Amino acid sequence: MTKVKPVPEGYHSIQPYLYIRGAAAAIEFYKQVFGAKERMRMPVSDGRLQHAEIEIGDSCLMLADEYPEKQIYSPKHLGGTPVSIMLYVDDCDATYQKALAAGAKSLREPQNQFYGDRLAGIEDPFGFQWWLGTHIQDVSLEEMQAAAMQTK
């Protein structure tokens, strides 16, 4: 018998899984803003998605609609999210502008950071925070630590 890989092809050891009020609309937003490609979608009879997968860059993001009857809630129900998502993109400024044009809220305008990334922050229309980064400079750990000590 052939041994099955513990992590299937096309997946990573950690897969973010988002519960969203309006998962189908979120998929369209992620396609428009982040260039996501839809891998699969499993709707149920009431129209909600019980599972879907999209690909952004080299990563898979799993998502589903919220299910209050199963105590599964989205950030919209909870009034925010304690989790944010870091997404590296080719051009953080352009992706930030595209997100705002598609209905996202600005959390931070694009700025160069001491650790070598240009970074912007948005909250998508579904309540998730995304940090959009473009790596612009290699910085050593020592340089980062020294610079971090100077920031507030």
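Presented here is a report on the structure given in the accompanying data block. Numbers given to residues run from 1 along each chain, matching the order in which its sequence is written. It should be noted that, the model being predicted, local features are given only for residues of pLDDT at least 70 and side-chain atom pairs only at 80 or more, the latter also being counted only at that level, while totals for whole chains, interfaces and linings use all residues. Processing note: side-chain calculations cover all non-hydrogen atoms of the structure and skip hydrogens and water entirely.

Topic: the overall build of the protein chain
Secondary structure elements are defined from DSSP: runs of H or I of at least 4 residues count as helices, runs of E of at least 2 residues count as strands, and each element is numbered from the N terminus. Counting its secondary structure elements, the protein chain contains four helices and eight strands. Along the protein chain, helices (α) and strands (β) appear in the sequence β-α-β-β-β-α-β-α-β-β-β-α when read from the amino end. Exposure categories follow from relative accessible area, calculated using a 1.4 Å probe and restricted to protein chains: below 20% of the type maximum is buried, above 50% is exposed, and the middle band is partly exposed. Split into buried and exposed, the 152 residues of the protein chain put 35% on the buried side. Residues are treated as being in contact if the distance between any of their heavy atoms lies within 4.5 Å. Expressed as a percentage of contacts within the protein chain between residues at least 6 apart in sequence, the contacts between residues at least 24 apart total 51%. Only the protein chains shown count as cover for residues, with accessible areas throughout obtained via the Shrake-Rupley method and a probe of 1.4 Å. On the protein chain, roughly 9300 Å² of surface is accessible, and the fraction owed to carbon and sulfur atoms is 54%.

As for the sheet that holds strand β4 (residues 59–65)
Two strands qualify as a pair provided DSSP detects at least 2 bridges between them. Pairing within the open sheet is mixed, and its four strands lie in the order β1-β4-β3-β2. Whereas interior strands pair on both sides, the edge strands pair on one side only; in this sheet they are β1 (17–20) and β2 (37–43). Averaged over all pairs of adjacent strands, the angle between strand axes in this sheet comes to 20°, irrespective of strand direction. Summarising the sheet, β2 and strand β3 (residues 49–56) pair through six bridges and their orientation is antiparallel. Residue pairing in the sheet places Lys 37 in a bridge with Glu 55 of β3. Sheet strands in contact with helix α1 (residues 23–34) are β1, β2, β3 and β4, and its direction is about 5° off that of β3. The convention used is that axes are lines fitted to C-alpha atoms, helices contributing only their stretch in contact, and that angles between N-to-C directions extend from 0 to 180 degrees.

Let's talk about the packing of aromatic side chains
Working definition: rings of Phe, Tyr and Trp (its six-membered ring) pair if their centres are within 6.5 Å, and the pair is stacked with planes under 30 degrees apart, edge-to-face with planes over 60 apart, and tilted otherwise. Inspection of the entire model under this criterion finds nine aromatic pairs. With 5.2 Å between their ring centres and 40° between their planes, Tyr 17 and Tyr 19 make a pair best called tilted. Its relative accessible area of 31% is what places Tyr 19 among the partly exposed residues. Taking the centre distance of 5.2 Å and the plane angle of 80° together, the rings of Phe 114 and Tyr 115 count as edge-to-face.

Here's the deal with the side chain of Thr 134
With respect to the helices and strands, Thr 134 occurs in strand β8 (residues 129–135). According to the relative accessible area criterion, Thr 134 is buried, its value standing at 13%. Under this definition, polar contacts are N or O atom pairs within 3.5 Å; protein pairs additionally need one hydrogen-donor-capable and one acceptor-capable atom, and for neighbouring residues in sequence, both atoms have to be side-chain atoms. Separated by 2.9 Å, the side chain of Thr 134 and the backbone oxygen of Val 89 make a polar contact. Excluding its chain neighbours within four sequence positions, the residues that come into contact with Thr 134 are Tyr 88, Val 89, Asp 90, Asp 91, Cys 92, Gly 116, Asp 117 and Arg 118.

What to know about the nonpolar core
Formed by 29 residues in total, the largest nonpolar core has its most connected members in Ile 20, Tyr 30, Phe 34, Leu 63 and Trp 130. At the level of secondary structure, the elements contributing two or more residues to this core comprise β1, α1, β3, β4, β5 (84–88), α3 (92–101), β7 (117–123) and β8. Counting residues per element, this core draws most heavily on α1, at seven residues. Each nonpolar core is a collection of buried residues, namely Ala, Val, Leu, Ile, Met, Phe, Trp, Tyr and Cys, held together in the definition by side-chain atoms within 4.5 Å.

Details of the environment of Cys 92
By secondary structure assignment, the location of Cys 92 is in helix α3. Owing to a relative accessible area of 1%, Cys 92 belongs among the buried residues under this scheme. Once the C-alpha coordinates of Cys 92 and Trp 131 are considered, the two residues, 39 residues apart in sequence, prove to be 9.1 Å apart. The contact partners of Cys 92, leaving out residues within four places of it in the chain, are Pro 110, Arg 118, Leu 119, Ala 120, Leu 132, Gly 133 and Thr 134.

Here's the deal with the environment of Ile 85
Mapping Ile 85 onto the fold places it in strand β5. Of the residues examined, Ile 85 reaches a relative accessible area of 14% and is grouped as buried. Measuring from C-alpha to C-alpha, the distance between Ile 85 and His 12 comes to 15 Å, with 73 residues separating the pair along the chain. Those residues within four positions of Ile 85 in sequence are excluded, and the remaining contacts are Leu 18, Gln 129, Trp 130 and Trp 131.

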